There are 2 protein chains.
Amino acid sequence: MTHTTASTTAFAPITRAACIGGGVIGGGWIARFLLAGIDVKVFDPHPDAQRIVGEVLANAERAYGLLTSVPLPPRGRLTFCATLEEAVRDAEWVQESVPERLDLKQRVLGEIDATCPAQALIGSSTSGLLPSELQTTLTHPERLFVAHPYNPVYLLPLVEIVGGRATAPATIARAKAVLDAIGMKGVVIAREIEAFVGDRLLEALWREALWLIKDDICDVETLDDVIRYSFGLRWAQMGLFQTYRIAGGEAGMRHFLAQFGPCLQWPWTKLTDVVDLDDALVEKIGAQSDEQAAGLSIRELERIRDENLVGILQALKTGHGDRGWGAGKLLGDFEARLAAQVAPAPALDITAPLELVETRVSPAWVDYNGHMTEHRYLQVFGDTTDALLRLIGVDIAYVQAGHSYYTVETHLRHLDEGKLGEELRSTCQIIAVDDKRLHVFYRLFAGPERREIATAEQMMLHVDTKAGRASPSPEPVMARLRPIALAHARLEPPAGAGGIPARRKETAAA
Amino acid sequence: MTHTTASTTAFAPITRAACIGGGVIGGGWIARFLLAGIDVKVFDPHPDAQRIVGEVLANAERAYGLLTSVPLPPRGRLTFCATLEEAVRDAEWVQESVPERLDLKQRVLGEIDATCPAQALIGSSTSGLLPSELQTTLTHPERLFVAHPYNPVYLLPLVEIVGGRATAPATIARAKAVLDAIGMKGVVIAREIEAFVGDRLLEALWREALWLIKDDICDVETLDDVIRYSFGLRWAQMGLFQTYRIAGGEAGMRHFLAQFGPCLQWPWTKLTDVVDLDDALVEKIGAQSDEQAAGLSIRELERIRDENLVGILQALKTGHGDRGWGAGKLLGDFEARLAAQVAPAPALDITAPLELVETRVSPAWVDYNGHMTEHRYLQVFGDTTDALLRLIGVDIAYVQAGHSYYTVETHLRHLDEGKLGEELRSTCQIIAVDDKRLHVFYRLFAGPERREIATAEQMMLHVDTKAGRASPSPEPVMARLRPIALAHARLEPPAGAGGIPARRKETAAA
């Protein structure tokens, strides 16, 4: 079972969004919305818009397939529209991602405001322009705000929410609640300034980096290595101040500032001057960057980046004793909500083995030869057990109340192999139950052709986790188990079962 | 099996180091050296030095226990010395980590130079002083360089290597080779400037961050969230330039610079002015930082940080299709070298079940209730199989040449539970072998009391991986297997075995 944590965040799910502009950022927004089950209408007159959006969406779907095994909601509907008006007409949230020019954005936002529903929210993806200046052409400026995301938008959760002079506080609260509902981290910036917070920090570092390259202190690969082998690893989980708080030791933040403060007066940066990014410097950086990429194409680098981000997010999800930390906790909470929203098996056919888990072979599951590691098969079967237990009412609340099923014995058979990225599906057939035991048989299928690649037979015991001993399953659980066990007793015994002998008291349906 | 990659890096292992100064940074160096099997002599007149070093070392050992299951070399010997001379007398590498004052460092480095062996390397941990200025008091300045690490030194691999005017090129090359041998990433900075590369970048960002707090644009928690939910996740794996190369899309780096360049002229940062870190600002940041910490102590934050870093490093180790990426590739290469250095079982007693794996229950292995997840038991048994296969010559080269053993059947029994942080040990008893089959029984023990918590019986088949079918094990493999199988045939059959029936041709020793 995976973790969950009560959250006090407000959620405001929406079902219809419009995206005006479908470049890399607009495409990222489109993917976020669609994969959260939201219908998206797009307007972008650029001739390549459909292709670019399609590519971003393909990357996003690939990444989500690896990121989570929680069933996502059915993907929203994607519609490309011929006019802006058609795209925004029935939207609850309109996201503007057109090029970074004030006059253009003002005109487009004015058109959006004039044609979208009165209660719709209007977010701008601008990375630097002031929301107060973007509001000037709107009849309803109170609903406009900056919603500044980071690339790749479908994986990085941050959105800086910045209001202008005319933005209503309720708009900010609603915007945050909509973003929270789709698994993003809406962070409210208290006062508007050009470039907000993230790009201010990035700009400061970027200027310094350009000087270091121009002055031949190091090349771009060395500079990147300095980041990713040191503070980059820190910043994936804690930011600047929390990291320095630790560095200050037991005396804490004030002590650290006292020590570090004087360094600010040292002549350590070129901060009083702006580098001239002339042709020679552009060419120098371009050439060094080509060398650093070592022949990897942008597509390959994107895939590597996304897989690494997935791995980092998953690592942070199990951080802090599986409670999750930072972006990983956000992901865990999002998954828990999605799992809770899964309809309680309305269409579950109990006259056949239960279809319980759909997932995909993640890059973290394969070894250097592309083979799926042995224990990952058991991980999928463990997820199957979790799904079965949830189905019979043994959920997180049940476990926290002091009872659970523990596995005492497992018999695994390997028949074939799962390959990187392949779809996996597991089924569960109940062999027998009694008041304490649950004896099941799982099959694992790979690919669209449903190749059987492994089976697991498991004996579980209902336990009182505080007393640390077996205890009878309560009637509400048995009442859910019994009809499934009775229906499965009419099925053929699974081929390959018998690895675990039946126990004395066990019957097909107790 | 875990991955390995041929590397062209030079390695120069050392066996004796001296650390002058044992604060948080000195302590981190001490831990790095000791855990890499290097004896360390320490001189630090501070009354709390032994306590601080002990605490850093405890953190480091805890982190390494979670980080890797590759057997580390025997820990080096730690000696606290009464004088500097005693500490450096027989050192191959002397690392200076005294407070950041030029006159103090010059004096200490002069003393080191006067008393350590003529061929010893002398590294300074300074985070900003020029090596040329540190060299002035030395008789042999050619062997002095800056070796600037990042906190926590035992987990973050980066060391900036910076030579001064008098530093010999051979010194830089040797320093890099020594660092590479202990799993660190020595990055050579081409030209010395104050604060080198990493701290220049950090300083630039830090100044900007202080302005944002002072001007109430956001509080410290918001600023940290902006970092760790966005570019912090990117920078753990790729740096600034590689990330922007991707952002530039197929047109690449030059295109990106052309787009982004003009922004440098925007009035986006406070770069022309230095914030006054007065009492009011220190107090403001201190109070916000207290609130952000939400009651977590520095020790707790350290543990969370270290566990997250371990998780991120492990995620990057399996990145890029298990080839590893960035700091994760470095870790994988280091582990592969350590594994290769493991003596071929000199003391292996084959008259008893083989002691093959020692590891620890990692935070990523437990669920929210502190229970070790089912598939992690199989992961440890999988590592046991890898260790057994290496022992009989089925190593990475063997597998790459087209043959391997595949598991066809596994029978797991759960007898008790592993708890977070507990030591785990596995043993292997060979039940039977024939020319194609390998039938084994593993036990898993937890804690110093060796509580038996699980067993696994496995049937493996020798396969021709290209042909995709079973094939006889070659004589060199059988020659290693046979004596163990013969010896184990004299042992009692393991209690709990029999979950997998013996096959027709199988015998105790083919």
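Everything discussed here concerns the structure shown above.
I will try to describe carefully the structure that is included in this document. Since the model is a prediction, treat every value here as computed from it, not as a measurement.

Analysis parameters
- Residues numbered from 1 in each chain as written.
- Chains lettered and ligands numbered in written order.
- Predicted model: local features only at pLDDT ≥ 70, side-chain atom pairs only at ≥ 80, totals over all residues.
- Heavy atoms only, no water.
- Contact = heavy atoms within 4.5 Å.
- Buried area = accessible area lost by both parts, 1.4 Å probe.
- Salt bridge = Lys/Arg side-chain N within 4 Å of Asp/Glu carboxyl O.
- Polar contact = N/O pair within 3.5 Å; in protein donor to acceptor, adjacent residues only side chain to side chain.
- Nonpolar A, V, L, I, M, F, W, Y, C, P; charged D, E, K, R; others polar.
- Pairing = 2+ DSSP bridges.
- Helix = DSSP H or I, 4+ residues; strand = E, 2+ residues; numbered from the N terminus.
- Axes fitted to C-alpha atoms, helices over the stretch in contact; angles between N-to-C directions.
- Left-handed = near helix turned anticlockwise from the far one by under 90°.
- Least-squares fit on C-alpha atoms with pLDDT ≥ 70 in both.
- Parallel < 35°, antiparallel > 145°, perpendicular 65-115°, else oblique.
- Core = buried A, V, L, I, M, F, W, Y, C linked by side-chain atoms within 4.5 Å.
- Buried < 20%, exposed > 50% of the residue type's maximum accessible area, 1.4 Å probe, protein only.
- Phe/Tyr/Trp six-rings, centres within 6.5 Å; stacked < 30°, edge-to-face > 60°.
- Lys NZ or Arg CZ within 6 Å of the ring centre and 35° of its normal.

## Focus on the interface of chain A and chain B
In this assembly, 151 residues from chain A lie in contact with 151 residues from chain B. Interface area, chain A with chain B, both sides summed: about 14300 Å², of which 67% is carbon and sulfur. For the pair chain A and chain B, the number of links is four salt bridges. The residue Arg200 of chain A makes a salt bridge to Glu208 of chain B at a minimum N-O spacing of 3.6 Å. If you look at where chain A meets chain B, you find 38 residue pairs in polar contact (both at pLDDT 80 or more). Considering only residue class, the side of chain A that touches chain B consists of 79 nonpolar, 38 polar and 34 charged.

## Thoughts on the sheet that holds strand E7 (residues 158-163) of chain B
Residues and elements named next belong to chain B. Within the open sheet, the eight strands sit side by side as E3-E2-E1-E4-E5-E6-E7-E8. Their pairing is mixed. With partners counted over all chains shown, the strands left at the sheet margins are strand E3 (78-80) and strand E8 (185-189), one partner each. Strand-to-strand twist across the sheet, computed as the mean angle between neighbouring axes with direction ignored, equals 25°. Bridge count between strand E1 (residues 16-20) and strand E4 (residues 93-96): four bridges; the pairing is parallel. The residue of E4 that forms the bridge with Ala17 is Trp93.

## Describing the packing of helix H2 (residues 49-67) of chain B against helix H13 (residues 298-317) of chain B
Residues and elements named next belong to chain B. In the contact formed by H2 and H13, the axes pass within 10 Å of each other and the chain directions differ by 35°. Considering only the axes of H2 and H13, their crossing is right-handed. Together, Glu55, Asn59, Arg62, Ala63, Leu66 and Leu67 of H2 and Arg299, Glu302, Arg303, Asp306, Glu307, Val310, Leu313 and Gln314 of H13 make up the contact between the two elements. Grouping the constituent residues of the contact of H2 with H13 by class yields five nonpolar, two polar and seven charged.

## Things to note about the relation of the copies chain A and chain B
Placing chain A over chain B gives an RMSD of 0.2 Å and needs a rotation angle of 180°, together with 0.0 Å of translation along the axis. The transformation just described matches what one would write down for a two-fold rotation axis.

## Description of the pattern of salt bridges
Applying the stated rule across the entire model yields 61 salt bridges over all chains. Here Lys176 of chain B ties to Asp180 of chain B by a salt bridge, and the two come within 3.4 Å at their closest N and O atoms. Placement of the pair is Lys176 of chain B and Asp180 of chain B together in helix H6 (residues 169-181), with a separation of four residues, close to one helical turn. Through salt bridges with shared partners, a single network forms among Asp416, Glu422, Glu449 and Arg451 of chain A.

## Some remarks on the packing of helix H1 (residues 24-35) of chain A against helix H2 (residues 49-67) of chain A
Helix packing for two helices is described by the angle between their axes and how far apart those axes are. Residue and element names in this part refer to chain A. Interaxial distance between H1 and H2 falls to 9 Å at its minimum, and their mutual angle equals 50°. Classified by the interaxial angle, the pair formed by H1 and H2 is oblique. When the axes of H1 and H2 are compared, the crossing they make is right-handed. Here Val24, Gly27, Gly28, Ile30, Ala31, Arg32, Leu34 and Leu35 of H1 come into contact with H2, specifically with Ile52, Val53, Val56, Leu57, Ala60, Glu61 and Tyr64. Classifying every residue of the contact of H1 with H2 gives 11 nonpolar, two polar and two charged.

## Observations concerning the nonpolar core
Leu223 and Phe241 of chain A together with Leu223 and Phe241 of chain B are the most contacted members of the largest nonpolar core, which has 205 residues in total. If sequence neighbours within four positions are ignored, Phe241 of chain B has contacts with Trp206, Ala209, Leu210, Ile213, Val220, Leu223, Asp224, Ile285 and Gln292 of chain A together with Met253 of chain B. The next biggest cluster of nonpolar side chains, apart from the first, holds 76 residues, and it includes Leu356 and Ala485 of chain A together with Val394 and Ile453 of chain B.

## Side note on the side chain of Gln95 of chain B
Residues and elements named next belong to chain B. Residue position: Gln95 is located in strand E4. Looking at Gln95, its side chain comes within polar contact range of the side chain of Trp93, at 2.9 Å. A distance of 2.8 Å separates a polar atom in the side chain of Gln95 from a polar atom in the side chain of Ser125. For Gln95, the contacting residues outside a window of four places in its chain are Ala18, Cys19, Ile20, Trp29, Gly123, Ser124, Ser125 and Ala147.

## Section: the sheet that holds strand E3 (residues 78-80) of chain A
Residue and element names in this part refer to chain A. The sheet built from eight strands is open, its strands ordered E3-E2-E1-E4-E5-E6-E7-E8 with mixed pairing. Since the sheet does not close on itself, it has two edges, and those belong to E3 and strand E8 (185-188), each with one partner. Ignoring which end each strand starts from, the neighbouring axes of this sheet average 25° apart. The strands touched by helix H4 (residues 102-115) are strand E1 (16-20), strand E4 (93-96), strand E5 (121-124) and strand E6 (144-149); relative to E4, the strand with the most contacts, the crossing angle is about 165°.

## Re the environment of Met184 of chain B
Residue and element names in this part refer to chain B. Structurally, the position occupied by Met184 is in the loop between H6 and E8. Counting along the chain gives 150 residues from Met184 to Phe334, while the straight-line C-alpha distance between them is 8.8 Å. Beyond its immediate stretch of four places on either side in the chain, Met184 contacts Trp29, Arg32, Val153, Leu156, Pro157, Val159, Leu179 and Leu330.

## Topic: the packing of aromatic side chains
As enumerated under the stated definition, the model contains 17 aromatic pairs over all chains in all. When the ring of Trp206 of chain A is compared with that of Tyr244 of chain B, the centres are 5.0 Å apart and the planes differ by 85°; the resulting orientation is edge-to-face. Note that Trp206 of chain A is positioned in helix H7 (residues 198-214) and Tyr244 of chain B in helix H10 (residues 240-247), a pairing that runs across two chains. Here the two residues Trp206 of chain A and Tyr244 of chain B agree in accessibility, since each one is buried. In textbook terms, an aromatic cluster arises when at least three aromatic residues are bridged by ring pairs, as seen for Trp29, Phe33, Trp93 and Phe145 of chain A. A cation over a ring is seen here: Arg450 of chain A above Phe445 of chain A, with NZ or CZ 4.8 Å from the ring centre.

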